[in-house]
Amino acid sequence: MNRRPDNSGWDIEHLRRAIKAAGVALWSWNVDTDDLEMDHQGYELWNVADDVALTFESCPQRYIPPTANGWWRTSSTRATVGRYEIDFRILVDDDVRWISARRHGSDEGIANRCMNGVFLDVTGRKQAEESHELLAGEMSHLGYRSLAEFETQTAQQAA
């Protein structure tokens, strides 16, 4: 018995609501003209007015090093085979945002010389990862110091 739901009633509005709920920003990049277009959520994510003309190469001015020279290299991203995602940081006013860009490489799925993909705001996840790494480093340091103190005390007691 087939237990899959009949999704034939899904329409563009279902898709739009799901995309908005997930915080997904859609983008389209013309590989010949370098023009970059995004949906409303994309412009909000990057804090850019909807009527601003963007190019693929103009976006790195918002990057925070070391990601400034990272994923946004058109030749390397187009050469990537299969699906991929790359995380990078941008500066929006005084706030740092972590963005995940996802798409297919090697021009898979290209239509009318345009590549399509999504941006996701992964700031919360990245902040949690950074906090975890910081805590792990502090715990390691405390463990090292405790071991060193123990060894010092043991050596003094033995003497």
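Residues numbered from 1 in each chain as written. Predicted model: local features only at pLDDT ≥ 70, side-chain atom pairs only at ≥ 80, totals over all residues. Heavy atoms only, no water.

1. Comments concerning the overall build of the protein chain
- Counting its regular elements, the protein chain contains four helices and six strands.
- The helix and strand sequence of the protein chain, counted from the amino end, reads α-β-β-α-β-α-β-β-β-α.
- Taken across its 159 residues, the protein chain has 28% of its residues classed as buried.
- Within the protein chain, counting contacts between residues at least 6 apart in sequence, those at least 24 apart form 44% of the total.
- Carbon and sulfur atoms make up 53% of the accessible area of the protein chain, which totals about 10,900 Å². (Helix = DSSP H or I, 4+ residues; strand = E, 2+ residues; numbered from the N terminus. Buried < 20%, exposed > 50% of the residue type's maximum accessible area, 1.4 Å probe, protein only. Contact = heavy atoms within 4.5 Å. Areas by Shrake-Rupley, 256 points an atom, 1.4 Å probe, with all protein chains shown as cover.)

2. Here's the deal with the side chain of S100
- One can find S100 in strand β5 (residues 95-104).
- The class of S100 is buried, set by a relative accessible area of 0%.
- A distance of 3.0 Å separates a polar atom in the side chain of S100 from a polar atom in the side chain of D87. (Polar contact = N/O pair within 3.5 Å; in protein donor to acceptor, adjacent residues only side chain to side chain.)

3. Observations concerning the packing of aromatic side chains
- The final tally for this structure, using the stated rule, is four aromatic pairs.
- When the centroid spacing of 6.4 Å and the interplanar angle of 80° are considered together, the rings of F88 and F119 count as edge-to-face. Here F88 is found in strand β4 (residues 83-92), whereas its partner F119 is found in strand β6 (residues 114-121), with 31 residues between them in sequence.
- In this structure an aromatic cluster arises from ring pairing among W27, W46, F88 and F119.
- Over the aromatic face of W98 sits the side chain of K126, whose NZ or CZ is 4.8 Å from the ring centroid. (Phe/Tyr/Trp six-rings, centres within 6.5 Å; stacked < 30°, edge-to-face > 60°. Lys NZ or Arg CZ within 6 Å of the ring centre and 35° of its normal.)

4. Structural notes on the nonpolar core
- Counting 20 residues, the largest nonpolar core has W29, M38, W46, F88 and F119 as its most contacted members.
- Residue assignment for this core shows that the elements contributing at least two residues are β1 (24-30), β2 (35-38), α2 (40-46), β4, β5 and β6.
- Filtering out sequence-adjacent residues up to four positions away, M38 remains in contact with L26, W27, Y43, W46, L54 and F119.
- The next biggest cluster of nonpolar side chains, apart from the first, holds five residues, and it includes I19, V24, L120 and V122. (Core = buried A, V, L, I, M, F, W, Y, C linked by side-chain atoms within 4.5 Å.)

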